[in-house]
Amino acid sequence: MRKQIFKKDKSYWFLGIFIALFIAMIVRSIVVSPNATQENGVINVTRPIELSFSDVLRRSGDIKTMVVRGEEASGELKDGTKYNATITYDPELLTKIADKGASVSIDSSKSLLEGFLNWFPLLFGVLLIWWIFRGVRGGASGISRGLMGQNPTKITTGKPKTTFADVAGIDAEKQELSEIVEFLKHKDKFKAIGARVPRGVLLSGEPGTGKTLLARAIAGEANVPFFAASGSDFSGIIVGLGVAKIKEIFEMAKRTAPCILFIDEIDAIGQRRSSHSFNDQDREQTLNQLLIEMDGFANDTGIIVIGATNRPDMLDQALLRPGRFDRQVHIELPDLASREAILKLHAKKVKLAKDVNLLDSARGTTGFSGADLENLLNEAALHAVRVGHGEIKKSDLDEARDKILMGPKKNRKMRPEDIKLTAYHEAGHAFVSVMYADVTDPIHKATIVPRGRALGMVQHLPVDDKVSMTIAEVRANLSVALAGRAAEEVFFGANKITTGAESDIDMATRLARYAITTAGLSEKIGLAAIKQVSNFGGRLALENASEKTAELVDAETRAWLDNAHKDAVRLLTKNKQTVTNLAQELLKHETLTGEEIKKIISGHRKKTQKKNAKSKK
Ligand code: ADP
Ligand code: ZN
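A short tour of the structure in this document, coming up. Counting restarts for each chain: residues are numbered from 1 in the order of the written sequence. To read the labels, note that chains go from A and ligands from 1, taken in the order they are written. The predicted nature of this model means local features are confined to residues of pLDDT at least 70 and side-chain atom pairs, given and counted, to a pLDDT of 80 or more, with totals for whole chains, interfaces and linings taken over all residues. Only hydrogens and water are set aside when side-chain values are computed; all heavy atoms of the structure are taken into account.

Quick notes on the sheet that holds strand β3 (residues 63–69)
For step 1, the next point in the chain: Strand order in the open sheet formed by five strands is β2-β5-β4-β3-β6, and the pairing between neighbours is mixed. Two strands lie at the open edges of the sheet, namely β2 (49–51) and β6 (103–106), each paired on one side alone. Between one strand axis and the next, the sheet turns through 20 degrees on average, direction left out of account.
For step 2, the next point in the chain: Looking at chain direction, β3 and strand β4 (residues 72–77) are connected through six bridges and run antiparallel. Counterpart to threonine 65 in the pairing with β4 is glutamate 76. Should DSSP find at least two bridges between two strands, the strands are taken to pair. Secondary structure follows DSSP: runs of H or I at least 4 residues long count as helices, runs of E at least 2 residues long count as strands, and numbering of each begins at the N terminus. Every angle, taken between N-to-C directions, lies between 0 and 180 degrees, and every axis is a line fitted to C-alpha atoms, over only the stretch in contact when it is a helix.

Have a look at this one:
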């Protein structure tokens, strides 16, 4: 079970006490006020008489009872008159009076209260000042936060039921972190040997790679409470708030140790101290407080702080020193096998049709995080419900994937000539891709259904996560990428080409540049790696290259792209009929699968080859 605690703000207690005391003071001044009536000359006969100290000494024999409160005394004389007196508090004197037959009692409680009430205004002032300054120095837990009213510290806690079994595909990381579980479970064993256990673990990785999940699983495995807060909660408009909140959660954690204290988005506090934003100083204070807390607890407290970030490079080095986040675990985006494992894990919660092959889904989701994969199944389930499937079919998964990748389907009205051009553009990609089937990824599908910003697309399905490409593969991929624009030229003429090839050209340029400058695939440039840096405009610039080399790189990139473009034009011109046919099919069906595309191309080519052979005879 997860619970969310909104921690009560202690400062309200202080405020309450102050108000209560203030009221008490006012009440007292009202109660005491009858004295004033006497001064006004309204003398009441039942009122006690006033005795001075010398009166008391002189008439000590007349006193019947005396109650002493500090320096005030009251009681009854032997003749029945009531009196009030001011005395010097002196035990010997009191014994003397008692010896003369008076009953003397000392009311200490009342005198304390009186004393307190007398001192109250001063005390009130001092406390108030302390309270305000506490807010400034130690964090705005006092008046500033009390008055601001909002911003409670959100701390999620509870003993999570999550275990390592709920985390798929990151076995090496799980292995590495199981030591922490061991420590939390058998603290004493570690202590006996004198092993130094890490206090902090930094989990880094893209969003959705399962950092939070892993942290909860550690707590779940060790059966200890899990506190979670986010780094962004520690910054706000109120200076000092972060410091106070850090203190607060560490206090909580210490009370419940052993436990896991998870701080998500730790870069929000732990950013390197360089940028000059205006709340920099505040963040620095918060960071310092975090460091103080982490340095502060002894080795055997049993609090493990787990920080998560997707920008580990941004972190202040001070955080990474021994005794702090000295253990770092980086979680990569899942590879093919991991994606399949994650899909399988989450697929247990849904109903899959027989035609679903999760390995295929894993293939088509390069770059998806664990969270994306979970979302994929969820979207697929929603789609299945929407279209009335009783279970998730392959088509639902495809639809969900496209939606996640490209945004929801657009039912934007398109001009017929735009649709036609798109069909030829995509047919161009598809055809050249099939021509290079032996060196490029197989086609998954081609479509002219607009989605997001794309008017149509050809999707490829990698057989495996590629780690490297041969030079032939690079050149083939360049041809495929530029084939869309080539088709526009071949079928509509050079003056009808469109801006629709923008992303194709961008992709091709990046691939060519990478091959030439980084991968050493160009004979002209050779094996020297040329660093590409992005400058302010976000454009790529060459850093460690002479001007001459830079020019050479530009010329070479252009040459590669030109070659690829010419190659695509050549292939499309030679097979104009086949490509036209493919485009027509696309216009008719809007979407064609890889299989269908291959069938259309091979079928049509066979026909035309036969025809050609006949005519030659
Ligand atoms: P992060 O903290 O890295 O942003 P989360 O831990 O919040 O990512 O992941 C979000 C969700 O994605 C998890 O609750 C889980 O359902 C799913 N998920 C992510 N990675 C995995 C994984 N390796 N195995 C299983 N589920 C995962
Ligand atoms: Zn294109």
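Don't stop here, the text continues.
Overview of the site of ligand 1
For step 1, the next point in the chain: Here a residue counts as near a molecule or strand whenever at least one of its heavy atoms sits within 4 Å of it. Residues in contact with ligand 1 amount to 17 residues; listed here are only the nearest, Ala168, Gly208, Lys211, Thr212 and Glu374.
For step 2, the next point in the chain: Here glycine 210 contributes a backbone N or O atom positioned 3.1 Å from an oxygen atom of ligand 1.
For step 3, the next point in the chain: When ligand 1 sits alone it has 560 Å² of accessible area, and the protein chains cover 82% of it.
For step 4, the next point in the chain: Going through the elements one at a time, α9 (211–222), α13 (336–347) and α15 (370–387) are the ones with two or more residues in the shell around ligand 1.
For step 5, the next point in the chain: A breakdown of the residues in the shell around ligand 1 according to their chemical character gives seven nonpolar, six polar and four charged. Any pair of nitrogen or oxygen atoms within 3.5 Å is treated as a polar contact; in protein, a donor-acceptor pairing is required on top of that, and neighbouring residues in sequence qualify only through side-chain atoms on both sides. Shrake-Rupley sampling with a 1.4 Å probe provides the accessible areas, and residues are treated as covered by the protein chains on show and by no other component. For this scheme, ten residues count as nonpolar: Ala, Val, Leu, Ile, Met, Phe, Trp, Tyr, Cys and Pro. Four count as charged, namely Asp, Glu, Lys and Arg, and the remainder, Gly too, count as polar.

Brief notes about the coordination of the zinc ion (ligand 2)
For step 1, the next point in the chain: Sites may look incomplete, because water is not among the atoms used; the donor set itself consists of N, O and S atoms within 2.8 Å of the metal (3.2 Å for Na, K and Ca). Distances from the zinc ion (ligand 2) to its protein donors, namely His425 (NE2), His429 (NE2) and Asp504 (OD), fall within the range 1.9 to 2.1 Å.
For step 2, the next point in the chain: Here the donor residues of the zinc ion (ligand 2) are spaced in sequence according to H-x3-H-x74-D. In this pair, histidine 425 and histidine 429 are both assigned in helix α17 (residues 416–435), four residues apart and thus about one turn of the helix distant. For the residue pair histidine 425 and histidine 429, the accessibility class agrees, reading buried in each case. Type-normalised accessible area, obtained with a 1.4 Å probe on protein chains alone, sets the label of each residue: buried when under 20%, exposed when over 50%, and partly exposed for intermediate values.

What about the packing of aromatic side chains?
For step 1, the next point in the chain: Planes of paired rings set the category: under 30 degrees apart is stacked, over 60 is edge-to-face and the rest tilted, where pairs are Phe, Tyr or Trp rings (Trp by its six-membered ring) whose centres lie within 6.5 Å. Counting across every chain of the model gives three aromatic pairs.
For step 2, the next point in the chain: With 5.5 Å between their ring centres and 85 degrees between their planes, tyrosine 424 and phenylalanine 492 make a pair best called edge-to-face. Taken together, the positions of tyrosine 424 in helix α17 and phenylalanine 492 in helix α18 (residues 471–492) put the pair 68 residues apart, joining distant regions of the chain.
For step 3, the next point in the chain: Taking relative accessible area as the criterion, tyrosine 424 reaches 6% and is therefore assigned buried.
For step 4, the next point in the chain: Assessed through its relative accessible area of 22%, phenylalanine 492 is described here as partly exposed.
For step 5, the next point in the chain: Members of the aromatic cluster, each reached through a chain of ring pairs, are Tyr424, Phe491 and Phe492.
For step 6, the next point in the chain: A ring is scored as having a charge over it whenever the NZ atom of a lysine or the CZ atom of an arginine sits within 6 Å of its centre and within 35 degrees of its normal. Above the face of the tryptophan 560 ring, arginine 475 is positioned so that its terminal group lies 4.0 Å from the ring centre.

Here's the deal with α17
For an α-helix the count is 3.6 residues per turn, leaving residues at separations of three or four pointing the same way.
For step 1, the next point in the chain: Taking 1.5 Å as the rise per residue, α17 with 20 residues should run 28 Å; its terminal C-alpha atoms sit 28 Å apart, in good agreement.
For step 2, the next point in the chain: Burial runs high along α17: 14 of the 20 residues are buried. One less than the number of residues in a helix, times 1.5 Å, gives the span that helix is expected to have.

Looking at unusual backbone geometry
Of all residues except glycine, most have a negative phi; of all peptide bonds, most are trans.
For step 1, the next point in the chain: We note that glutamate 265 has phi near 50 degrees; this positive angle belongs to a residue other than glycine.
For step 2, the next point in the chain: Along the polypeptide, glutamate 265 turns up in the loop between β10 (259–264) and α11 (267–270).
For step 3, the next point in the chain: The phi dihedral of glutamate 590 is positive, around 70 degrees, even though this residue is not glycine.
For step 4, the next point in the chain: Considering the arrangement of structural elements, one finds glutamate 590 in the loop between α21 (576–589) and β17 (591–593).

What to know about the pattern of salt bridges
For step 1, the next point in the chain: By convention in these notes, a salt bridge is any Lys or Arg side-chain nitrogen within 4 Å of a carboxyl oxygen on Asp or Glu. Per the stated rule, a full pass over the model turns up 18 salt bridges.
For step 2, the next point in the chain: The residue aspartate 62 makes a salt bridge to arginine 59 at a minimum N-O spacing of 3.3 Å.
For step 3, the next point in the chain: Using a relative accessible area of 35% as the deciding quantity, one classes aspartate 62 as partly exposed.
For step 4, the next point in the chain: When the shortest N-O distance is used, the salt bridge between lysine 524 and glutamate 556 registers 3.7 Å. Here the residue lysine 524 occupies a position in the loop between α19 (502–518) and β15 (532–534), and glutamate 556 occupies one in helix α20 (residues 547–574), the gap between them amounting to 32 residues.
For step 5, the next point in the chain: Relative accessible area serves as the criterion here: at 61%, lysine 524 is assigned to the exposed category.

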